[in-house]
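Secondary and tertiary structure notes
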Amino acid sequence: MFKNVIVRRPSRSLVNGITSAPELGKPDYELALKQHDSYIAALESCGVAVTVLEADEAFPDSCFVEDTAVLTKNCAIISNPGAAARNGEINSMIGVIKKFYPEDRIEYIKNPGTLEGGDVMMVDNHFYVGLSARTNAEGARQFIALLEKHGHTGSVVELTEFLHLKTGVNYIENNNMLISGEFISSPIFSKFNHMLVDENEAYAANCIWVNNKVIVPAGYENIRRKIAAAGYDVIVVDTSEYRKLDGGLSCLSLRF
């Protein structure tokens, strides 16, 4: 169960964020703010304490706080983002994380290793880490070594289609895994109950489990019905403006 969540308000510079889908257009800042309000309300309804950080205009993508760190029950691992324009985001996050973790339980990914939190998926005490354009082999090696130092385990997942690991696969507890694209036939995830995400709803593979509730992006009825039919309490939140910057529900928070 999660007790805390950290989010950061979107900045006006959001419109200049990194995207692989310029055809979706620029984010509407005012609408992004309203959607962020709804996101925070959804998290609070799950019984967590939400720490809301002020917007950082220097970093257009800084609302996607998940990429700055991985927060576990035993330790915090500060990332080293593979997108050079985002690397400075970790500096302001370190002080925030120190309010929750003592110094001896905070670790750091160091150059030449790169790692972004979107490439890390927690399944109980084990962490899958995706090798992507943002997370390299050295970053994954460091990350797994740090996990093991603090009593966790980790393993590597190679990916070719998705930006991040959790773009295409997400664990929602109870041995259930939302899965799409290249991961459907992967033997790495064969032991889990697959909840297949249709190709035309691929964005909705990125849902988040928070204390027995699952937050689902608005507009993806097939996967919403599947999750509800599995017995979960479903909360729907619109993230249309964040999708324009390759961002999903998990990207917008650090949950621990």
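The rules behind the values
Residues numbered from 1 in each chain as written. Predicted model: local features only at pLDDT ≥ 70, side-chain atom pairs only at ≥ 80, totals over all residues. Heavy atoms only, no water. Buried < 20%, exposed > 50% of the residue type's maximum accessible area, 1.4 Å probe, protein only. Helix = DSSP H or I, 4+ residues; strand = E, 2+ residues; numbered from the N terminus. Arc of directions from axis to C-beta. Contact = heavy atoms within 4.5 Å. Pairing = 2+ DSSP bridges. Axes fitted to C-alpha atoms, helices over the stretch in contact; angles between N-to-C directions. Salt bridge = Lys/Arg side-chain N within 4 Å of Asp/Glu carboxyl O. Polar contact = N/O pair within 3.5 Å; in protein donor to acceptor, adjacent residues only side chain to side chain. Phe/Tyr/Trp six-rings, centres within 6.5 Å; stacked < 30°, edge-to-face > 60°. Lys NZ or Arg CZ within 6 Å of the ring centre and 35° of its normal.

1. With respect to helix 2 (residues 89-97)
When we look at burial in helix 2, the residues that qualify are E89, I90, M93, I94, V96 and I97. Angular distribution of buried residues about the axis of helix 2 spans 165 degrees; they occupy a single face of the element. Lining the buried residues of helix 2 we find strand 1 (4-8), strand 2 (49-53), strand 3 (69-71), strand 4 (76-78), strand 5 (106-108) and strand 15 (254-255).

2. Considerations on the sheet that holds strand 1
Strand order in the open sheet formed by three strands is 2-1-15, with mixed pairing between adjacent strands. The open sheet has two edge strands with one neighbour each: strand 2 and strand 15. Bridge count for strand 1 against strand 15 is two bridges, and the pairing is antiparallel. The partner of V5 across the bridge, within strand 15, is R255. Packed onto the sheet, helix 1 (residues 29-44) meets strand 1, strand 2 and strand 15 and runs at close to 175 degrees relative to strand 1.

3. Points about the pattern of salt bridges
Working definition: two side chains of opposite charge can pair if their charged atoms are close together. For the structure on display, the rule yields 13 salt bridges. A salt bridge links K98 to E103; the nearest nitrogen and oxygen atoms lie 3.2 Å apart. A salt bridge links R134 to E116, with the nearest nitrogen and oxygen atoms 3.1 Å apart. In this pair, R134 is assigned in the loop between strand 7 (126-131) and helix 3 (137-149) and E116 in the loop between strand 5 and strand 6 (120-123), connecting sequence segments 18 residues apart. Each of the two residues, R134 as well as E116, counts as buried. Through salt bridges that share partners, E66, K166 and R255 make up one connected network.

4. Regarding the environment of H126
Looking at the secondary structure, you find H126 in strand 7. For the pair H126 and E148, spaced 22 residues apart in sequence, the C-alpha to C-alpha distance is 9.8 Å. With residues up to four places along the chain from it excluded, the contact list for H126 reads M121, T153, G154 and S155. Within polar-contact distance, the side chain of H126 engages the side chain of T153 at 2.7 Å.

5. Regarding the packing of aromatic side chains
In the structure shown here, the tally under the stated rule is 12 aromatic pairs. Judged by centre distance (6.5 Å) and plane angle (85 degrees), the rings of F127 and F143 are edge-to-face. With a gap of 16 residues between them, F127 in strand 7 and F143 in helix 3 connect regions that are remote in the sequence. Considering the side-chain rings of F183 and F189, the 5.9 Å spacing of their centres and the 80 degrees angle between planes classify their relative orientation as edge-to-face. F189 gets classed as buried once you look at its relative accessible area, which sits at 0%. One aromatic cluster in this structure is built from Y128, F162, Y171, F183, F189 and F192. If you follow R243 out to its NZ or CZ, it ends over the ring of Y203, 5.3 Å from the centre.

6. Some details on the side chain of R86
Relative to the elements of secondary structure, R86 occurs in the loop between strand 4 and helix 2. With relative accessibility at 5%, the residue R86 sits in the buried group. At 3.3 Å, the side chain of R86 forms a polar contact with the backbone oxygen of D61. Once residues within four sequence positions are removed from consideration, R86 is found in contact with I18, D61, F64, D67, P81, E116 and R134.

7. Structural notes on unusual backbone geometry
The omega torsion of the bond from N111 to P112 falls at 5 degrees, within 30 degrees of zero and hence cis. Along the chain, P112 turns up in the loop between strand 5 and strand 6. Here the phi dihedral of D124 falls at roughly 60 degrees; this positive angle occurs in a residue that is not glycine. Take D124: it is sitting in the loop between strand 6 and strand 7. Under the relative-accessibility criterion, D124 is labelled exposed at 55%. One non-glycine residue with positive phi stands out, namely N175, at about 65 degrees. One can find N175 in the loop between strand 9 (169-171) and strand 10 (176-179).

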